[in-house]
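Residue strings, one per chain:
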Amino acid sequence: MKNIKYIWLLAIALGFTACNDEEDFEDRLDNPPQDAVVLPALTAGSADFSNFVSLGASFTAGFSDNALFISSQENSFPNTMAKQFAKAGGGSFTQPLMNDNFGGLAVGGTRITEPRLVFGGAGPVPLESVIGPVTVSTDLLSPPNGPFNNVGVPGAKSFHMIAPGYGNLANFPSAANPYAVRLTGATPDASMLELAVAQNPTFFTLSEVGGNDVLGYAISGGDGSDVITPTATFDFSLNTMVTALTANGAKGAIGNVPNITSLSYFTTVPYNALEPSNPDFGPQIPTLNTIFGALNPIFNAVDPSRAIVFSETEASPVIIKDENLADISAIITQALNDSDTFPAFLAQFGLPPQAAPLVASLLGNTYGQSRQATAEDLLVLPSSSIIGTVNATNAQFLINQGLPANLAGQFSAEGVSFPLEDKWVLTPEEQQEVADATAAYNATISSVATANGLALVDLNSILEQASTVGIQFDDYNLNTSLVFGGLVSLDGVHLTARGYALMANSFLEAIDTTYGSNFVASGNVAKAEDFSVTYSPLLQ
């Protein structure tokens, strides 16, 4: 019988039931219908998949729904690829599996990371809010036995992958990653790269190098708590990794860095989140417009784009602090002190005229770099639970300055009367910093891939397509919308199982192009229907 695969099994089955002899059945196999799709036999081309090792960060590990757990690891893109490699001479692919499907890590029984998120009916919610308390059973004091083919460490930046001691528990939490600790075993100071190279891979994937180098800055709203890795540091790290991985002739595939600001973590919360129909906001609009009515003449004199007005009929933008704006705190304070009408304004709120200097100073300091957000601003996902709430720190500060508690609270509503801090917003200037670094990283990745004959996977273009028109995966069109887009998991950054399957196929396609294999043409790829987009809360 010919060594050929046909995608017409249903036709065969129907034909078989109608055939009464083996000769007729064999004839059907050797002479398929004219309209049958004939797939070639699988070939590895010039690649050797016998010892496959994958080095990377969260996507490599299979991180999903803000956690790592058994099922997400089993659906990691390298593990999905390994199943196809096994059909072309690939060997076993071991992973540092977690102890449960709850997610979360512990050290000596004390939690250091939380269980996964689940869909709560309207959006992402903590697992324990649905099923009750769980015991996080994956403990760093009882690491799994390696070595592991999957050397993926959630949160790792480019330079972390070559850093000795990054997986040494003695360095945690200041200079070690808990997921790296689970990989190092008897060699706690071995770098992630050394762990990968020690296995002498014949084929490797290198993914997300550079992703976390910009992600930390972006998810912090560019507030300075995390910084973008300098291009020179990234370049050195990448070249070090590729040089070591290819030293013994191994072939491989490398993915470039997507524009992370296209992910739902940055695109879900609207800039105009203040609805007049909201009973906590709508009734306050007249009072708020009265307050800002005293400030808008000052804003208009300095920069009209800073004027703040809330609509009583349409959704209004939130107020943000923009550190790129000139600080006009002193100008506001002086103008209010010079105003003949300011004492009358204070009287509306029950404040005596002698409070004018204090309130003028407070208003100046609060709104010196404020403006309403625009469609070009990106509000990070956690801001959805902050907008409209009272900033307790600011309220207490105002109380300590002598303002009544009710007035202090009224002037401390996040994004309404109190500008959202920088950590909740990625401004256009900050987005440009992320974009510039991403472009620089990708230029290096492309150059290094070409110089070393590696397959290059354009993850950047894939995410761009998904975030605009969507990307077709079998019968499904995946996009980056939170929860319902199918590509991005409940944390807004990492992928769903189906998203990782799409990523695996993208790597296989690039490998076919570079090394002459034919995973795609032979049909040896992941099928969308075999991978879900959500994990059940009952998964244990």
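Residues numbered from 1 in each chain as written. Predicted model: local features only at pLDDT ≥ 70, side-chain atom pairs only at ≥ 80, totals over all residues. Heavy atoms only, no water.

Peer 1: Looking at this model, I keep getting lost on helix H9 (residues 211-219). Mind explaining?
Peer 2: What sets the pattern is the α-helix's 3.6 residues per turn: residues three or four places apart point alike. Within H9, eight of the nine residues are buried, which leaves it mostly tucked inside the rest of the structure. Along H9, the positions that sit buried rather than exposed are Gly 211, Asn 212, Asp 213, Val 214, Leu 215, Gly 216, Tyr 217 and Ala 218. Its buried side turned inward, H9 meets helix H3 (58-61), helix H11 (264-267), strand E14 (425-426) and helix H18 (428-451). Directly after H9, the chain includes Gly 221, whose backbone phi takes a positive value near 65 degrees. (Buried < 20%, exposed > 50% of the residue type's maximum accessible area, 1.4 Å probe, protein only. Helix = DSSP H or I, 4+ residues; strand = E, 2+ residues; numbered from the N terminus. Contact = heavy atoms within 4.5 Å.)

Peer 1: Honestly, the pairing of strand E9 (residues 203-206) in this entry has me stumped. Any pointers?
Peer 2: One face of the sheet, then the other: side chains in a regular strand alternate in exactly this way. Residues Phe 203 and Thr 205 point to one face of E9 and Phe 204 and Leu 206 to the other, with burial holding for every one of them. Bridge count for E9 against strand E10 (residues 251-255) is four bridges, and the pairing is parallel. Residue pairing for E10: Phe 203 is matched across the bridge by Lys 251. (Pairing = 2+ DSSP bridges.)

Peer 1: Explain the pattern of salt bridges to me, please; I cannot follow it from the model alone.
Peer 2: Two side chains with opposite charge may pair up if their charged atoms get near one another. Counting across every chain of the model gives six salt bridges. The salt bridge partner of Lys 157 is Asp 226, with a shortest N-O separation of 2.6 Å. Here Lys 157 is found in the loop between strand E8 (150-152) and helix H7 (178-184), whereas its partner Asp 226 is found in the loop between H9 and helix H10 (231-245), with 69 residues between them in sequence. In this structure Lys 157 comes out as buried when scored by relative accessible area, which is 11%. Accessibility expressed as a relative area gives 21% for Asp 226, which makes it partly exposed. A salt bridge links Asp 303 to Arg 306; the nearest nitrogen and oxygen atoms lie 3.6 Å apart. Exposure remark for Asp 303: the relative accessible area of 22% places this residue in the partly exposed category. Because the salt bridges share partners, they merge into one network encompassing Arg 111, Glu 114 and Glu 128. (Salt bridge = Lys/Arg side-chain N within 4 Å of Asp/Glu carboxyl O.)

Peer 1: Quick question: what am I supposed to make of a nonpolar patch on the surface here?
Peer 2: Residues Val 130, Ile 131 and Leu 538 make up a contiguous nonpolar surface patch of about 270 Å² in total accessible area. Here Ile 131 lies in helix H6 (residues 128-131). We classify Ile 131 as partly exposed; its relative accessible area is 30%. (Patch = residues over 30% accessible without salt bridge, like charges linked within 9 Å, V, L, I, M, F, W, Y side chains within 5 Å. Areas by Shrake-Rupley, 256 points an atom, 1.4 Å probe, with all protein chains shown as cover.)

Peer 1: Can you help me understand the pairing of strand E3 (residues 52-56) in this one?
Peer 2: Among the five residues in E3, five count as buried, and that is most of the element. One ladder, built from four bridges, connects E3 with E9; its direction is parallel. Its bridge partner lying in E9, Leu 55 is registered against Leu 206. Pairing of E3 with E8, which is carried by three bridges, proceeds in the parallel orientation.

Peer 1: How do you make sense of the sheet that holds E10 when you look at a structure like this?
Peer 2: Strand pairing in a sheet takes place through backbone hydrogen bonds and is either antiparallel or parallel in direction. Read from one edge to the other, the open sheet built from five strands follows the order E8-E3-E9-E10-E15, with strand pairing classed as parallel. Each end of this open sheet is capped by a strand with a single partner; those strands are E8 and strand E15 (455-457). Direction aside, the axes of adjacent strands within the sheet are offset by 15 degrees on average. Sitting on the sheet, helix H5 (residues 77-85) touches E3, E8 and E9, and the angle it makes with E3 is about 165 degrees. Each of E3, E9 and E10 is contacted by H10, which is oriented at about 170 degrees to E9, the strand it contacts most. (Axes fitted to C-alpha atoms, helices over the stretch in contact; angles between N-to-C directions.)

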